[in-house]
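# Topology and contacts: notes
This is what each chain is made of:
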Amino acid sequence: MSEPTGAVATAIAHARQLMSQRPDLAEAQAGEILKAVPGHPEALLLAGQARRLQGDPTGAQAILADLTTAQPQWAAGWHELGLAQAARGDHPAAAATFVRLTTLRPEVAEGWRLLAEQRRLMGDSAGADAAFAQHLARAARDPQLVAAGAALVDGRLSVAEATLRDILKARPTDVAAIRMLAEIATRLGRYEDAEALLARCLELAPTFAPARQNYAVVLYRQTKAAEALAEVEALLAQDPVNPGYRNLQAAALGQLGEYPRAIAVYEALLADYPLQPKAWMSLGHALKTVGRQGDAIDAYRKALELAPQMGEAWWSLANLKTFRFEAGDLAAIRAQLARGDLADEDRFHLEFALGKALEDAGDYGASFAAYAQGNALRRKSLDYDAEETHRAMLRSRALFTPDFLAARAGQGCEAPDPIFILGLPRAGSTLIEQILASHSMIEGTMELPDIPAIAKRLGARKAKDQESAYPEVLAELSAEELRALGEEYLERTRGQRKLGRPLFIDKMPNNFAHVGLIRLILPNAKIIDARRHPLGCCFSGFKQHFARGQGFTYDLTDLGRYYADYVALMAHFDAVAPGRVHRVIYERMVADPESETRALLDYCGLPFEDACLRFYENDRAVRTASSEQVRRPIFTDGLDQWRNFEPWLDPLKAALGSVLEAYPDAPATP
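Calculation rules
Here the residue index of a chain counts from 1 through its sequence in written order. Since the coordinates come from a predicted model, pLDDT governs what is reported: local features require at least 70, and pairs of side-chain atoms require 80 or more to be given and counted, while whole-chain, interface and lining totals use all residues. In computing side-chain values, all of the structure's heavy atoms are included and hydrogens and water are not. Think of it this way: DSSP has to see at least two bridges between two strands before they count as a pair. Secondary structure elements are taken from DSSP: a helix is a run of H or I of four residues or more, a strand is a run of E of two residues or more, and numbering for both begins at the N terminus. Note on definitions: angles span 0 to 180 degrees between N-to-C directions of axes, and those axes are lines fitted to C-alpha atoms, for helices only across the stretch in contact. A pairing counts as a salt bridge when a side-chain nitrogen of Lys or Arg comes within 4 Å of a carboxyl oxygen of Asp or Glu. Residue exposure (1.4 Å probe, protein chains only): buried if accessible area is under 20% of the type maximum, exposed if over 50%, otherwise partly exposed. Expected helix span is computed as 1.5 Å times (number of residues minus one). Regarding the arc, it is the one traced by the directions from the helix axis to the C-beta atoms. Every residue pair with non-hydrogen atoms within 4.5 Å of one another is taken to be in contact. Aromatic pairing here means that ring centres of Phe, Tyr or Trp (its six-membered ring) are within 6.5 Å. Orientation follows from the plane angle: under 30 degrees is stacked, over 60 is edge-to-face, and everything else is tilted. For a Lys NZ or an Arg CZ to count as sitting over a ring, it must be within 6 Å of the ring centre and within 35 degrees of the ring normal. Put simply, buried Ala, Val, Leu, Ile, Met, Phe, Trp, Tyr and Cys residues joined by side-chain atoms within 4.5 Å make one nonpolar core. Working definition: roughly parallel below 35 degrees, roughly antiparallel above 145 degrees, roughly perpendicular at 65 to 115 degrees, and oblique for all remaining angles. Put simply, a crossing is left-handed when the front helix is turned counterclockwise from the back one by less than a right angle, and right-handed when it is turned clockwise. Nonpolar residues are Ala, Val, Leu, Ile, Met, Phe, Trp, Tyr, Cys and Pro. Charged residues are Asp, Glu, Lys and Arg, and all others, Gly as well, are polar. What counts as a disulfide here is a pair of cysteine sulfur atoms lying within 2.5 Å.

### Remarks on the sheet that holds strand 1 (residues 418-423)
On the basis of which strands lie adjacent, the open sheet formed by five strands has the order 2-3-1-4-5 and parallel pairing. The sheet is open, and its two borders are formed by strand 2 (442-446) and strand 5 (581-585), each paired with just one other strand. Between one strand and the next, the sheet's axes are offset by a mean angle of 25°, whatever the strand orientation. Pairing geometry for strand 1 and strand 3 (residues 503-506), over three bridges, is parallel. Within strand 3, the residue paired with Pro-418 across the bridge is Phe-504.

### Quick look at the pattern of salt bridges
Counted under the stated rule, the structure contains 47 salt bridges. A salt bridge links Glu-32 to Lys-35; the nearest nitrogen and oxygen atoms lie 3.3 Å apart. Here the residue Glu-32 and the residue Lys-35 both occupy positions in helix 2 (residues 23-36), the gap between them amounting to three residues, near one helical turn. What makes Glu-32 partly exposed here is its relative accessible area of 45%. Its relative accessible area of 64% is what places Lys-35 among the exposed residues. One network of salt bridges, in which partners are shared, links Glu-161, Arg-165, Arg-190 and Asp-193.

### Details of helix 13 (residues 209-221)
Helix length check: helix 13 (13 residues) gives 18 Å between terminal C-alpha atoms against 18 Å at 1.5 Å per residue, within 8%. Residues Ala-211, Arg-212, Tyr-215, Ala-216, Val-218 and Leu-219 constitute the buried set of helix 13. Down the axis of helix 13, the buried side of the element spans an arc of 165°, and every buried residue falls inside it. For helix 13, the elements touching its buried residues are helix 11 (175-187), helix 12 (191-204), helix 14 (225-238) and helix 15 (243-255). Phi turns positive one or two residues past the end of helix 13, at Thr-223, with a value near 55°.

### Details of the side chain of Asn-375
Its location among the elements puts Asn-375 in helix 22 (residues 364-380). Classification of Asn-375 by relative accessible area gives buried; the value is 1%. Apart from residues no more than four positions distant in its own chain, Asn-375 is found in contact with Phe-352, Phe-542, Thr-553 and Tyr-554.

### Brief notes about the environment of Trp-112
One can find Trp-112 in helix 7 (residues 109-121). Judged by relative accessible area, which is 13%, Trp-112 ranks as buried. Separated by 22 residues in the primary sequence, Trp-112 and Gln-134 place their C-alpha atoms 6.2 Å from one another. Those residues in contact with Trp-112 that lie beyond four places of it in its chain are Thr-102, Pro-106, Ala-131, Gln-134, His-135 and Arg-138.

### Observations regarding unusual backbone geometry
Omega for the bond connecting Tyr-470 with Pro-471 falls within 30 degrees of zero, at 10°, which places this linkage in the cis form. Structurally, Pro-471 can be placed in the loop between helix 26 (450-459) and helix 27 (479-492). In the segment running from Tyr-663 into Pro-664, the intervening peptide bond is cis, with an omega of 10°. Along the chain, Pro-664 falls in the segment after helix 34 (658-662). Even without being a glycine, Thr-223 presents a positive backbone phi close to 55°. Its location among the elements puts Thr-223 in the loop between helix 13 and helix 14. Overall, Thr-223 belongs to the partly exposed group, its relative accessible area being 33%.

### Overview of the packing of aromatic side chains
Following the criterion strictly, the structure yields 23 aromatic pairs and no others. The interplanar angle of 80° and the centroid separation of 5.6 Å between the aromatic rings of Tyr-563 and Tyr-566 together place this pair among those described as edge-to-face. Of this pair, Tyr-563 and Tyr-566 are both found in helix 30 (residues 556-576), three residues apart, which corresponds to roughly one turn of the helix. This pair shows no difference in class: Tyr-563 is buried, exactly as Tyr-566 is. In this structure an aromatic cluster arises from ring pairing among Tyr-364, Phe-368, Tyr-371, Phe-539, Phe-542, Phe-645 and Trp-648. Taking the ring centre of Tyr-554 as reference, the NZ or CZ of Arg-378 above it sits at 5.5 Å.

### Description of the nonpolar core
Judged by nonpolar contacts, the single largest core of 141 residues is most densely connected at Leu-436, Phe-512, Ile-528 and Tyr-563. With 11 residues, helix 30 is the largest single contributor of residues to this core. Not counting residues up to four positions away in its chain, the partners in contact with Tyr-563 are Leu-424, Arg-531, Arg-532, His-533, Pro-534, Cys-537, Cys-538, Leu-656, Val-659 and Tyr-663. If you look at the next biggest cluster of nonpolar residues, it comprises 62 residues, including Ala-26, Ala-131, Ala-194 and Tyr-215.

### Looking at the packing of helix 5 (residues 75-88) against helix 6 (residues 91-104)
To characterise two packed helices, one gives the angle between the axes of the helices and the distance between these axes. Contact geometry for helix 5 and helix 6: axes closest at 8 Å, N-to-C directions at 160°. The angle between helix 5 and helix 6 falls in the class roughly antiparallel. The hand of the helix 5/helix 6 crossing is left-handed. In this structure, helix 5 uses Ala-75, Trp-78, His-79, Leu-81, Gly-82, Leu-83, Gln-85 and Ala-86 to contact helix 6, whose residues at the interface are His-91, Ala-93, Ala-94, Thr-97, Phe-98, Arg-100, Leu-101 and Leu-104. Its residues assigned to classes, the contact of helix 5 with helix 6 shows 10 nonpolar, five polar and one charged.

### Focus on the state of the cysteines
Formally, a disulfide is one covalent bond, and it connects the sulfur atom of one cysteine to the sulfur atom of another. Taken as a whole, this structure holds zero disulfides when the rule is applied. Cys-538 takes part in no disulfide bond, and the closest cysteine sulfur, belonging to Cys-537, lies 5.3 Å away. Of the residues examined, Cys-538 reaches a relative accessible area of 0% and is grouped as buried. In this structure Cys-604 is a free cysteine whose sulfur lies 9.6 Å from that of Cys-612, the closest cysteine sulfur available.

Just geometry here; none of it tells us what the structure is for.
In structure tokens:
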């Protein structure tokens, strides 16, 4: 492209000057140029930009599509077309346009940043990270920063980290290097390190909006939702219509349990940007949580209209549990699975959805094959190690002896507020939670991540191959430190308590691995072990795709070993601290809910209330896979569903060993 000359050049310059304050006048000026010189590229670019700035991205796109067709090698046209598509909320189209832009001008950092933003809005985290790494590499001007950025792009994270640390030794206030180092920490899951780096970055450069957005994301990933929300709202004060900020705002509100507000943000966002399948799916999740199943289904269906290959949306429909696929759904799922360009994440979600559809149709052999395929594909992406889990359970059993616990009696935080419901996923814990949350003295919250987070911090483990100092580090803590940890837990969870009730529930199932920690830091907390028949529980977990944190569920042998380790650890605590854990056997609760509920409330030191037997009338938000099932009276049709699949469960039975025969008790010698 050559620059315009003479009178046209003057008119173009005038239109550019008008653009920021009066895009309507800039468009008029561009129109006058086009009358004199039809098809003038620079005037078309300005006309499209002006339309976008006046809130007409569709009109802008029409102009700019013609421009890029006529001038396919002009990067500025693709840049502006991508902005118009992004303003419409058509993130796949915008991403494709920014790919074209970065192909034409790979050295321009801004194109990579725009591509990263669109991919993140589409839910393509890996693609967004790759594009963002390219952005960082090209944004830097210093040769050392360029080298670090190149290493980051190539995935040579240790090289990039070493280079950046050298830079920061010489220039400790280099915010570009600090932000790049935070990106490495985020990729490695070292969120506390990333948080500290980004906080320092913002201390040095408070107006550095991209760093603040990164900071908000890191806080959100650590479930520090209130802090994340504050950062997002600061960003929104400067850019109130930014769809990325609004998405993150809604997600943080959901994490805080502020579902009506989250739904309102999603609905307003989608009114402005209706072509966001990921946002429609997130809206569906929020609607499901508050019990608006019909609206949730509509939202998931809308996501699939926009992106029929989105496996997570298909799985979200299946994950409603009480939902049944329509006649054409099975064919649609299979059509997507037949594609050769399907991402693994979409494929395994689709396989899980197909398994559910075939199970509902009574085709159990084909259903198991689909579940097995989805699990195998998911398992490949995880580094779960059953031996590591087994060693951790043995170490806990070795540490928590009667003498060890007796020596620390009376220590910790005395508050009786928490009720921990723990065990394995899909063991009936949501039913217990709903029963208890229907009591006037107890508030239900969610699966809170705070106990595992405290344990991880105490372990001080920085790498996968490094041995954690937890739980042995607990032996070194003073009475004051144990009390402080209990108080920290109460403070961390305070934002989840909305109703002012004296007791609240933490339903994180994985907390069974931390019963010893809970006993030390919160000795008056109640602990309820939710247990279900090992084949029913484990196979239900095998059919479930979990968003995160349950890496043992994607292989039948891993599942059996995990269940056996869990039973052995809980039997150990029954022996060293008798009566401190109350066990609820799911099958007994289903058979005789009143007796089991009375025993449960007795353990909690609470009077019986009839509302606990009418738990299905409770309209509280339920944030687990069983949300729809606990909105109706106790049913028995799910108890033996595993029997339909028994011909394929031999690996699970073998891994369970004596635990299977002993159920509901533990084997004599765990």
